[in-house]
Amino acid sequence: MEEESARAKASPSYLNSFLTYHLNRWVSQESRWIDPTRWEECKRDIDLEQLRGRECYVGVNFSSVSDLTAAVLIFPNEDRSYTVIPHFLVPRETAKQKSLGASGADYITWAREGHVTISSGRAIDQKEIIAKISQWHEQYDVKELAFDPYNSWRTIQDLEEAGYVVVSVRQGVSLNAPSKHFEECVLKQTIHHNGNPCLAWNVANVTLKRDHQGNIWPDKTKREEKIDGVAALITGLSRAMLMASERERYTLGQPITLGYYRTGRTMNAVGGWST
C-alpha cells in the first residue's frame with residue numbers, strides 16, 4: 001500500500017485508480033491533470049535559430065471556425081527529451097469577447113506579446129493555417145503533420161494535394177500512450193517549452209478522462225476552458241514517439257511495422273494507411 005500510495009502521489013493519472021481500487025472511494029471519471037507548477041518547471045530559454053533545419057512533428061487541433069486553433073511543433077532531442085513550440089490562431093471578434101470574459105483567456109494581451117496570432121476575420125481562414133505550415137517546412141525538417149480529422153478534413157485534403165505527409169490521429173482512447181508519456185515527461189522535466197501563457201492556460205484547464213481499462217486521454221469540464229494546445233501537443237507527440245520507436249527497432253535490427261506506402265488517403269495514428 002505504501003508503494004501504491006507513493007505511485008499515486010507521483011502520477012496524477014494513477015491517483016483515481018488508487019483511490020478506487022485500493023481505498024474503495026468513489027471518484028469522478030474526470031480529474032484535473034497537470035499541476036501548473038510542474039508545467040512551469042519545464043520552462044526553458046529556447047533559441048529558435050538553433051531549431052532551424054531540425055527534425056520535427058507538427059500536431060494540429062482545429063476547434064470551430066470562430067474559436068481557438070492550435071498547432072504545436074515537437075522537436076525530439078538527442079537525450080530523449082522534447083522541445084515544443086506552440087502557435088495559436090484566434091479570430092479577432094472572439095479575441096475581444098473572450099478577453100473581456102471570466103474564462104482566464106487574455107488573447108489581446110497575449111497577441112500583443114507575440115504568443116497568439118489574431119486572425120483579421122470573424123472566422124479562422126484555412127489558408128492562414130496552410131501558409132504557416134508551408135513556412136515551417138522551409139524552416140524545419142517537418143516529417144509529419146498530425147491532425148485530429150474533426151473540423152479539418154478540407155485542410156487535410158489541401159495539404160495532401162500539396163505533397164505534405166498528413167496523419168489522421170483520432171482523439172479519445174487512441175491517445176492513451178502519448179498522454180501517459182506526456183505526463184511522464186512533465187514529471188521528469190523532459191519536455192521543454194518557452195513559457196507561452198496561452199499553452200499554460202490550456203494545461204491548467206485540461207482534465208483527465210479514463211475508461212475502466214485504465215486508458216486515459218485529455219478532456220475538459222467546461223466549454224470555455226480551452227485545451228486545444230494540449231490536444232495538439234499530444235497529437236504531435238504520438239507521431240514523434242512512434243517514429244522514435246521504429247528508428248530504435250531499426251537500429252537493433254528488429255522488424256519494422258511502419259511502412260511508407262499508400263493504399264488510401266490518410267495515414268492513421270498506429271502507422272497503417274486508411275482510406
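Values in this document were obtained by computation on a predicted structure and should not be read as measured data.

Trainee: For this particular structure, what's the right way to read the pairing of strand β4 (residues 82-91)?
Mentor: Of all 10 residues that make up β4, 9 are buried, and the element is covered over most of its length. Of the pairings in the sheet, the one linking strand β3 (residues 69-76) to β4 comprises 8 bridges and is antiparallel in character. Note that in β4 the partner of V72 across the bridge is P86. Hairpin connection, β3 to β4: the antiparallel pair is bridged by 5 residues, and R80 has positive phi, about 70°. Judged from the 3 bridges that link them, β4 and strand β5 (residues 117-119) form a sheet pairing that is parallel. Pairing of V90 across the sheet is with I118, part of β5.

Trainee: Would you mind going over helix α7 (residues 126-139) with me for this structure?
Mentor: For an α-helix, the turn length of 3.6 residues means that residues three or four places apart are oriented alike. Its 14 residues place the ends of α7 20 Å apart at the C-alpha level, agreeing with the 20 Å of an ideal helix rising 1.5 Å per residue. Restricting attention to buried positions, one finds in α7 the residues I129, I133, W136 and Q139. Projected down its long axis, α7 carries its buried residues within an arc of 120°, all on one side. Facing away from the buried side of α7 by over 90 degrees, the exposed positions are K127 and E138. Contacts from the buried residues of α7 go to β2 (55-61), β3, β4, β6 (141-147) and α8 (153-161).

Trainee: So what exactly am I meant to see when it comes to the pattern of salt bridges here?
Mentor: If the charged atoms of two oppositely charged side chains come close together, the side chains can form a pair. Tallying each qualifying case throughout the model produces 6 salt bridges. K226 is paired through a salt bridge with D67; the nearest N and O atoms lie 2.8 Å apart. Of this pair, K226 sits in the loop between β10 (216-219) and α11 (228-251) while D67 sits in the loop between β2 and β3, placing them 159 residues apart in sequence. Considered together, K226 and D67 belong to a single accessibility category, that of buried residues. K188 is paired through a salt bridge with E184; the nearest N and O atoms lie 2.8 Å apart. One end of the pair is K188 and the other is E184, both in helix α9 (residues 176-188) and 4 residues apart, which spans about a single turn. A relative accessible area of 35% places E184 in the partly exposed class.

Trainee: Would you mind showing me how to read the environment of S99 here?
Mentor: One can find S99 in helix α5 (residues 92-99). Residues S99 and T109 lie 10 residues apart in sequence; the distance between their C-alpha atoms is 8.4 Å. Look past the residues within four positions of S99 in its chain and what remains in contact with it is A105, D106, Y107 and I108.

Trainee: Quick question: what am I supposed to make of the nonpolar core here?
Mentor: As a rule of thumb, nonpolar side chains are buried together in soluble globular proteins. By size, the foremost hydrophobic cluster in this structure holds 42 residues, and its most contacted members are W39, Y107, F182, I191 and L233. Within the residue set of this core, elements represented by two or more residues are β3, β4, α6 (107-112), α9, α10 (197-205), β10 and α11. The contact partners of W39, leaving out residues within four places of it in the chain, are I34, F182, V186, I191, H193, L199, A200, V203 and L233. If you look at the next biggest cluster of nonpolar residues, it comprises 22 residues, including V60, F62, L73 and V142.

Trainee: Honestly, the pairing of β10 in this entry has me stumped. Any pointers?
Mentor: Regular strands have side chains that alternate between both faces of the sheet. Residues I216 and P218 of β10 are buried on one face, and the alternating residues W217 and D219, pointing to the opposite face, are buried as well. The pairing of strand β9 (residues 207-210) with β10 spans 4 bridges and is antiparallel. The residue bridging K209 from the neighbouring strand is W217, located in β10. In sequence, β9 turns back onto β10 through a hairpin of 5 residues, with G214 there showing a positive phi of about 90°.

Trainee: Would you explain the confidence of the model for the protein chain in this entry?
Mentor: When pLDDT is low, close inspection of the predicted coordinates is not appropriate. Averaged over all residues, the pLDDT of the protein chain equals 82, while 78% of them reach at least 70. Between the elements of the protein chain, mean pLDDT differs from a low of 38, seen in strand β12 (residues 273-274), to a high of 98, seen in strand β8 (residues 191-192). Ignoring residues within four places in sequence, the model shows residues 256-275, a span with pLDDT below 50, making 55 contacts including any to other chains.

Trainee: Teacher, can you tell me more about unusual backbone geometry here?
Mentor: Only a minority of non-glycine residues have a phi that is not negative, and only a minority of peptide bonds are not trans. Located in the positive-phi region is R80, a residue other than glycine, with phi close to 70°. Secondary-structure assignment places R80 in the loop between β3 and β4. Here R80 falls in the exposed class, since its relative accessible area comes to 63%. In the Ramachandran plot, Q189 falls in the positive-phi region, its phi being about 60° despite a non-glycine side chain. In this fold, Q189 is placed in the loop between α9 and β8.

Rules and cut-offs
Residues numbered from 1 in each chain as written. Predicted model: local features only at pLDDT ≥ 70, side-chain atom pairs only at ≥ 80, totals over all residues. Heavy atoms only, no water. Buried < 20%, exposed > 50% of the residue type's maximum accessible area, 1.4 Å probe, protein only. Helix = DSSP H or I, 4+ residues; strand = E, 2+ residues; numbered from the N terminus. Pairing = 2+ DSSP bridges. Expected span 1.5 Å × (residues − 1). Arc of directions from axis to C-beta. Contact = heavy atoms within 4.5 Å. Salt bridge = Lys/Arg side-chain N within 4 Å of Asp/Glu carboxyl O. Core = buried A, V, L, I, M, F, W, Y, C linked by side-chain atoms within 4.5 Å. pLDDT = per-residue confidence, 0-100.

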